[in-house]
Amino acid sequence: MSTLADLPEIDFAAADYQAAPLPTLARYAQTFKLGRSQRGIEILDYDMCRDTILNRSFGTGHPKLMKVLGLPEGRALDYKRNSISFHNRGETRRRLRVPITTLMGPEGSERFRTDIKHVVNVTFDEIAKDTPVNLITELCDRIPSRVYCYWINAPMEDAEFVSRTSHIVQQVHTRDPKTTASVTKAFEELLDYVDQRIAIARLNPSDDLLSDLIRATDAGHLNADELRNWVVKMAEANTDNSSHQIAIAVIELASRPDIWRALGDDPTLVPQALREVMRYHPRSLSTSRETLEDVTLDGVTIPKGEAVFANIGAAHWNPNYFPEPEKFDIHRPDRPAHLNFGGGIFSCIGRFAVTIEIEEVIAYMAVHFPDLQITKSAFAHSPMFTSVTELEAMLNG
């Protein structure tokens, strides 16, 4: 039986990964299923990744992440300790998920589509046409942060604050203690902001997501801290991730003129095109777990308390599941599913709403700007995420 020390080592700072992360991960996966890196154990096989996401022997990686960052005692760490991110499988996690899952499941999320379309229309009305535009700041950041403002019945002017703080707090996943001070400050600002919005919503209840969560709290499904934590979590997780996923989709689809034209001619193709974007170039390149007990994978015993990472990027480029994975094909079967949104008790609760946001953006752009020209684009790839660092385009009709 092999030991952890026998596992091949992966260097995410290496030139080959930085230049072509997904082909590099796929090449590794053809040679070995398990590896190790500075951050922990790396899983590259599709089946093993999926099992790690679902298996009860693996829990959330957030407690270990907070230790790596050295988040100080205080309100930010208290929030993380008491949010769903810190709770492993069991009754508490299940109870916390029930109210929000009910409100943001497939049917619940569809009720947001009208508001999302309105946000998309208003946002594009504000963007200059026939001149190069920074789509990260003018589009990708604005859509999810404005949708969040709709959810909590906040003025649209708050969207810039929501976007800025979301980008900062998501730096926890860099695992870099240099970000700790700014992350802590941003969490504290977000906690103050959410407390204010909850107080306002209690005085003026409405037909919005925050009011629904307040009603669930008053019915005994959540306590006051849990309500606040969920509203913070929606800003923390939705805005930054959604912004990058919108940008990735724009680049991957608009840079393929035949596909872009097809989407404009038939917007019903957009959902399957987005599934392929999320398979081919996922925002989430890996997801973190921690072993809750000694676990044996591929003949290697991983001790309790070890950080483990399911490498979604490698899984999505596995030719046994996705033939010719390097080929971008919007007509692939919808099974097997991509792993972007996790699974089971750890599945992303906002995945249906986020998908609607991206669908509406792409459908609008493909119909209204069939000659869209991307003039500048650039990606950055950490072990955890794909980030779009530059996206400039001309919105040509």
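Here goes a summary of the coordinates provided. Just so we're clear, the structure is a prediction, and the values are computed from it rather than from any experiment. (Residues numbered from 1 in each chain as written. Predicted model: local features only at pLDDT ≥ 70, side-chain atom pairs only at ≥ 80, totals over all residues. Heavy atoms only, no water.)

### Description of the sheet that holds strand S3 (residues 58–60)
The pairing of strands in a sheet happens through backbone hydrogen bonds and is either parallel or antiparallel. The strand order across the open sheet formed by five strands is S1-S2-S8-S5-S3, and the pairing between neighbours is mixed. At either margin of the open sheet sits one strand with a lone partner, and together these are strand S1 (34–36) and S3. Adjacent strand axes in the sheet meet at a mean angle of 35°, parallel and antiparallel pairs treated alike. As judged from the three bridges shared by S3 and strand S5 (residues 287–291), these two strands associate in the antiparallel manner. Looking at S5, one finds that Gly59 is bridged to Glu290. (Pairing = 2+ DSSP bridges. Helix = DSSP H or I, 4+ residues; strand = E, 2+ residues; numbered from the N terminus. Axes fitted to C-alpha atoms, helices over the stretch in contact; angles between N-to-C directions.)

### Section: the packing of helix H16 (residues 270–280) against helix H18 (residues 351–368)
The axes of two packed helices give the description: the angle between them and the distance between them. It is the contact of H16 with H18, at a shortest axis distance of 10 Å, that shows an interaxial angle of 115°. Comparing the axis directions of H16 and H18 gives the class roughly perpendicular. For the pair H16 and H18, the sense of crossing is right-handed. Between H16 and H18, the residues in contact are Val270, Pro271, Leu274 and Met278 and Thr355, Ile358, Glu359, Ile362 and Ala363, respectively. (Parallel < 35°, antiparallel > 145°, perpendicular 65-115°, else oblique. Left-handed = near helix turned anticlockwise from the far one by under 90°. Contact = heavy atoms within 4.5 Å.)

### What about the pattern of salt bridges?
Counted according to the given criterion, the structure contains 29 salt bridges. Taking the shortest distance from any N to any O, the salt bridge between Arg36 and Glu9 comes out at 3.8 Å. Taken as a pair, Arg36 in strand S1 and Glu9 in the segment before helix H1 (15–19) lie far apart in primary sequence, 27 residues in all. For Lys80, the salt bridge identified is with Glu236, shortest N-O distance 2.9 Å. Note that Lys80 is positioned in helix H5 (residues 75–82) and Glu236 in helix H14 (residues 224–254), a separation of 156 residues in sequence. (Salt bridge = Lys/Arg side-chain N within 4 Å of Asp/Glu carboxyl O.)

### Considering the pairing of strand S10 (residues 386–394)
One ladder, built from two bridges, connects strand S4 (residues 133–134) with S10; its direction is antiparallel. Bridge pairing links Asn134 to Glu392 in S10. Hairpin remark: strand S9 (residues 373–381) followed by S10, antiparallel, with four residues in the connecting loop.

### A few points about the sheet that holds S4
In space, the three strands of this open sheet follow the order S4-S10-S9, with antiparallel pairing throughout. The open sheet terminates on both sides in strands that have one partner only, identified here as S4 and S9. By the bridge criterion, eight bridges tie S9 to S10 in an arrangement that is antiparallel. Paired with Lys376 across the bridge in S10 is Glu392. Against the sheet, H14 contacts S9 and S10, and its axis sits at roughly 55° relative to S10.

### Regarding the packing of aromatic side chains
All chains considered together, the criterion is met by twelve aromatic pairs. On the numbers, 5.0 Å between centres and 50° between planes, the contact of Phe161 with Tyr193 is tilted. Of this pair, Phe161 sits in helix H11 (residues 159–169) while Tyr193 sits in helix H12 (residues 180–203); the two residues are 32 residues apart in sequence, bridging distant segments of the chain. Residues Phe161 and Tyr193 agree in their burial class; the two are buried. (Phe/Tyr/Trp six-rings, centres within 6.5 Å; stacked < 30°, edge-to-face > 60°. Buried < 20%, exposed > 50% of the residue type's maximum accessible area, 1.4 Å probe, protein only.)

### Comments concerning the nonpolar core
Within the largest apolar cluster, 107 residues are counted, with the highest numbers of intra-cluster contacts made by Met104, Phe124, Tyr148, Trp151, Leu253, Ile362 and Met365. A per-element tally of this core places H14 first, with 14 residues. Contacts of Leu253, omitting those with residues within four sequence positions, involve Ile259, Trp260, Leu263, Ala273, Leu274, Val277, Phe328 and Ile362. Ranked by size, the runner-up nonpolar core spans 19 residues in total, among them Ile41, Val300, Ile312 and Leu339. (Core = buried A, V, L, I, M, F, W, Y, C linked by side-chain atoms within 4.5 Å.)

### Brief notes about H5
Among all positions in H5, only Ala76, Leu77, Tyr79 and Lys80 are buried. One side of H5 holds all its buried residues, which, seen down the axis, span an arc of 155°. In this structure, the buried residues of H5 make contact with helix H4 (62–69), H12 and H14. (Arc of directions from axis to C-beta.)

### Side note on the environment of Glu390
Residue position: Glu390 is located in strand S10. Residue class for Glu390 comes out partly exposed when judged on its relative accessible area of 35%.

### Things to note about the side chain of Thr52
Examined against the element boundaries, Thr52 turns out to sit in helix H3 (residues 46–54). In contact with Thr52, not counting residues within four places along its chain, are Ile43, Phe58, Arg89, Arg289 and Val308.

### Examining helix H8 (residues 113–126)
For H8, with 14 residues, the first-to-last C-alpha span of 20 Å sits near the 20 Å given by 1.5 Å per residue. Along H8, the residues classified as buried are Arg113, Ile116, Val119, Val120, Thr123 and Phe124. Each buried residue of H8 sits inside an arc of 125° when the element is viewed along its axis, so together they form one side. Across H8 from its buried face, at more than 90 degrees, point the exposed residues Thr114 and Asp125. Tucked inside the fold, the buried residues of H8 contact helix H7 (106–110), helix H9 (135–140), helix H10 (142–151) and H18. (Expected span 1.5 Å × (residues − 1).)

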